[in-house]
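Structural overview
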Amino acid sequence: MRVKRDKKEQELILRLIRREESALMEFIGRYDSLLAYIVRPIVKDERDVEECLSDIHYKIWEHIQNYSPEKGSFSTWLSTVARNTAMNKIRGKANREDVPLEEETVRVHSEKSVEQQVIRREQTEYMQRLIRNLPSRERELFYRKYYYYQSVEQIAAELGTSRRSVEGKLYRIRKKLQTGWKEAHFDEKD
């Protein structure tokens, strides 16, 4: 059964690459609930969710050739596109609403030094390694809360557990990551 689904997915991807409009409609019917599931906890406002979904459809249509099965599954790639689009949407909205034009101009011109950029990249890579080394259930919980911005209530309901249980697990995961971080002595560099 799994092979058949993969084959259908591969055919859909090829049709999208060939720019078949019917493939886009099929894609929307097949994946919109997944995309909305990822976008809603981040964007919140339903009008912005709909706009964000439209942006995601456009990005998929324009950049489907960038999908590489060697790097991960199609749904993982879609999830990343959806999350990043939603994050850009709320960042853009915050920038437009909260930041005067003069401050935005100053922010664009103030760049970090090369040394700071290298340190930040090393820290990011190290944290990604720590997260990858978590047991799969802990990693999933971490991503749901801190990458996809799902509420503790939503996570608890979907996992069939209590809010308190989810909070306790998240606390232990944060402590585990803090311990790994301290062992790397990054706090001394900051």
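Computed from a predicted model, the values in this text were never measured in an experiment.

**A short note on the packing of aromatic side chains**
In total, this model carries eleven aromatic pairs according to the counting rule given. Relative to Phe 74, the ring of Phe 27 lies with its centre 6.5 Å away and its plane at 70 degrees, an arrangement referred to as edge-to-face. Of this pair, Phe 27 sits in helix H2 (residues 21-43) while Phe 74 sits in helix H4 (residues 74-98), placing them 47 residues apart in sequence. On the accessibility criterion, Phe 74 (1% relative accessible area) is buried. Seen in terms of ring centroids, Tyr 143 and Tyr 147 are 5.6 Å apart; in terms of plane orientation they differ by 80 degrees. Their pairing is edge-to-face. Classification of Tyr 147 by relative accessible area gives partly exposed; the value is 22%. Taken together, Phe 27, Tyr 31, Tyr 67, Phe 74 and Trp 77 form an aromatic cluster joined through their ring pairs. It is Arg 83 that lies over the ring of Tyr 147; its NZ or CZ is 3.9 Å from the centre.

**What to know about unusual backbone geometry**
For Arg 19, which is not glycine, the phi torsion reads 65 degrees and is therefore positive. In this fold, Arg 19 is placed in the loop between helix H1 (2-17) and H2. One non-glycine residue, Lys 44, lies in positive phi territory at about 75 degrees. Structurally, the position occupied by Lys 44 is in the loop between H2 and helix H3 (46-63).

The rules behind the values
Residues numbered from 1 in each chain as written. Predicted model: local features only at pLDDT ≥ 70, side-chain atom pairs only at ≥ 80, totals over all residues. Heavy atoms only, no water. Phe/Tyr/Trp six-rings, centres within 6.5 Å; stacked < 30°, edge-to-face > 60°. Helix = DSSP H or I, 4+ residues; strand = E, 2+ residues; numbered from the N terminus. Buried < 20%, exposed > 50% of the residue type's maximum accessible area, 1.4 Å probe, protein only. Lys NZ or Arg CZ within 6 Å of the ring centre and 35° of its normal.

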